[in-house]
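Given next are the chains, with one letter for each unit.
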Amino acid sequence: MADKEPGLVAKAIQLAFDVANGRSRTLSWLIPPCLFLLDALLCAVVIWKVPYTEIDWKAYMEQIEQYVAGERDYTVIKGGTGPLVYPAAHVYLYTALYYVTDKGKDIFLAQQLFAVLYMATLAVVMACYWRAKVPPYVFPLLILSKRLHSIFVLRCFNDCFAVFFLWLTIYLFQKRAWTLGIGAYTLGLGIKMSLLLVLPAVGVILLLGRGFSGGLQLAAIIIQTQFALAIPFLRENAQGYLSRAFELSRQFFFKWTVNWRFIGEETFLSRPFALGLLAMHASVLLWFIVNKWLKPTGKPWSAIVAPMLKLSSPFTSQEEAQVFMRVTSEYVMTTMLSANVIGLLFARSLHYQFYSYLAWSTPYLLWRSGAHPVMQYALWALQEWAWNVFPSTNISSGVVVGVMAATVALVASSRGQAPTSSSYPSRERKVA
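Residues numbered from 1 in each chain as written. Predicted model: local features only at pLDDT ≥ 70, side-chain atom pairs only at ≥ 80, totals over all residues. Heavy atoms only, no water.

J.: Go over the overall build of the protein chain with me, naming the residues and quoting the values.
T.: Scanning the protein chain for helices and strands turns up 18 helices and two strands. Over its C-alpha atoms the protein chain spans a radius of gyration of 23 Å, differing by no more than 12% from the 22 Å that the globule rule assigns to 432 residues. Principal-axis analysis of the C-alpha atoms places the extent of the protein chain at approximately 85 × 60 × 45 Å. Expressed as a percentage of the 432 residues in the protein chain, the buried residues total 51%. (Helix = DSSP H or I, 4+ residues; strand = E, 2+ residues; numbered from the N terminus. Rg over C-alpha atoms; globule rule 2.2 N^0.38 Å. Buried < 20%, exposed > 50% of the residue type's maximum accessible area, 1.4 Å probe, protein only.)

Have a look at this one:
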């Protein structure tokens, strides 16, 4: 007796699963552009219907007004929320916005510009996801964040530009356009030093992708560019610029913390807690470098570090070519985003705008870890809820830290690769 043909409902369900998992060559590729257009409409509705929230924009403009008037001493430039604490590229970028928005008075125009920035960033994020062969069912998580829309189009934080350059760096590294990628990373770092969190990953990727000498040359571009951008301020007060723009010992206010509310103010402000976070950050980073990021080399970490300490390459020419081929789009994205989330997990304090660095990282890492889709969506929902609680509570801050810790643990424990589909673009094999 012949098998019965599957019914219409069964066929529809199977088609939906095929589309969601990237197995439908004719329909799966439509998911990202459709979501992109939907999000563009959502941004317009948010700007139209939701009132703008003043937090840092006015302070940015007050600081830029002093720069435009000729002030170059970072210790003198101040705004309503405090002193100027961002690197030179931030000043140049917001000077342009200062003029475009009538000295910061045209908030509506600023919101439109940040909506364009949001959509440009989303386009790059989706391109990175597609190159890493992430299935379409993950893509809705990229447009559903209430907090992320708020950070971009209702508050106009400088983090939005830093995040754009972070994702542009990932995309260019995926394309193996190393010099352009370093240029993008350097510009992002020049806007906000938060991008220092991914610097270890950048170093490892350059070592594997460009070799020891090539990696050093590209690393030099970072230093040279930061120096060139800062020249006007270094001439006026070099120590003042470095202490403000790249201040690593800043004291944070407990009332603004999103992540460590649950430990109490006394512990939060204590030096042992700060040192403990630093030690854990370094330890987890080192574990990932040794056990995950250096894996494509096929060598123990000691065989890589020892020659580098003598300023020589740890790879022969043949080994370098083999390692280069293993620096795939998936490897680049996993390495960069895991470094990012590790840094955020052990950050001294996170404010709400830091969610812009996390929101688009978590869906990929959860998928990459091999977690079940239900768990991926559940952890994402918990994270989104916690970052939308204002002010933060003991419970919400515990969830913020808990989801990041779970994400890092899942990535650390994953052994195989997440499932991919043959309907995705082939990997780049040439140096861009």
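J.: I'd like a rundown of the packing of aromatic side chains, residues and numbers included.
T.: Under the definition given, this model contains 32 aromatic pairs. When the centroid spacing of 5.3 Å and the interplanar angle of 75° are considered together, the rings of F114 and F161 count as edge-to-face. Of this pair, F114 sits in helix 5 (residues 107-131) while F161 sits in helix 7 (residues 159-174), and the two are 47 residues apart along the sequence. Here F114 falls in the buried class, since its relative accessible area comes to 1%. Here the aromatic rings of W260 and F262 are separated by 5.8 Å at their centres, their planes lie at 45°, and the arrangement is tilted. The exposure class assigned to W260 is buried, which follows from its relative accessible area of 8%. Under the relative-accessibility criterion, F262 is labelled partly exposed at 36%. An aromatic cluster is defined as three or more aromatic residues linked by ring pairs; in this entry it consists of W57, Y60, Y86, Y94, F114 and F161. (Phe/Tyr/Trp six-rings, centres within 6.5 Å; stacked < 30°, edge-to-face > 60°.)

J.: Explain the pattern of salt bridges to me, and be specific about the residues and the numbers.
T.: In total, this model carries two salt bridges according to the counting rule given. The salt bridge partner of D159 is K192, with a shortest N-O separation of 2.8 Å. In this pair, D159 sits in helix 7 while K192 sits in the loop between helix 8 (178-191) and helix 9 (199-245), placing the two residues 33 residues apart along the sequence. Like D159, the residue K192 is buried in the burial classification. (Salt bridge = Lys/Arg side-chain N within 4 Å of Asp/Glu carboxyl O.)

J.: Please give an account of a nonpolar patch on the surface that cites residues and values.
T.: A grouping of L15, L27, W29 and L30 is seen on the molecular surface, where their side chains present a nonpolar patch of about 350 Å² in accessible area. Locating L27 in the fold gives a position in the loop between helix 1 (8-20) and helix 2 (31-49). What makes L27 partly exposed here is its relative accessible area of 34%. (Patch = residues over 30% accessible without salt bridge, like charges linked within 9 Å, V, L, I, M, F, W, Y side chains within 5 Å. Areas by Shrake-Rupley, 256 points an atom, 1.4 Å probe, with all protein chains shown as cover.)

J.: Give me helix 8: which residues, what numbers.
T.: The terminal C-alpha atoms of helix 8 lie 20 Å apart, and with 14 residues this matches the ideal 20 Å at 1.5 Å per residue to within 8%. Where burial is concerned, most of helix 8 is hidden: ten out of the 14 residues are buried. Buried residues along helix 8 sit in contact with helix 4 (88-100), helix 7, helix 9 and helix 13 (317-326). (Expected span 1.5 Å × (residues − 1). Contact = heavy atoms within 4.5 Å.)

J.: Can you break down the side chain of T95 residue by residue, with the values?
T.: In this structure, T95 sits in helix 4. Each residue touching T95, except ones within four places of it in the same chain, is listed here: I64, Y67 and V68.

J.: Could you give an account of unusual backbone geometry, naming the residues involved and the relevant values?
T.: Between F390 and P391 the backbone carries a cis peptide bond, its omega angle lying at -10°. Assignment of secondary structure puts P391 in the loop between helix 17 (373-387) and helix 18 (394-413). The backbone of K133 sits at a positive phi, close to 65°, despite the residue not being glycine. Looking at the element boundaries, K133 is found in the loop between helix 5 and helix 6 (146-154). The buried category is assigned to K133, whose relative accessible area is 10%. Positive phi, close to 65°, is recorded for R176, a residue that is not glycine. The exposure class of R176 is buried, given its relative accessible area of 1%.

J.: Could you give an account of the side chain of R348, with specific residues and numbers?
T.: Here R348 lies in the loop between helix 14 (329-345) and helix 15 (355-358). No salt bridge is formed by the buried R348; the nearest opposite charge belongs to E265, separated by 10.0 Å. A distance of 2.6 Å separates the side chain of R348 from the backbone oxygen of F268, its partner in a polar contact. (Lys, Arg positive; Asp, Glu negative; His and termini not counted. Polar contact = N/O pair within 3.5 Å; in protein donor to acceptor, adjacent residues only side chain to side chain.)

J.: Residue-level account of helix 18, with values.
T.: A rise of 1.5 Å per residue sets the reference length of helix 18, with its 20 residues, at 28 Å; its end C-alpha atoms lie 28 Å apart and thus fit the reference within 8%. Buried within helix 18 we find S396, S397, V399, V400, V401, V403, M404, T407, V408 and V411. Turning to helix 18, the residues buried within the fold contact helix 11 (271-293), helix 14, helix 15, helix 16 (362-368) and helix 17.

Worth remembering: the numbers are spatial, not functional.
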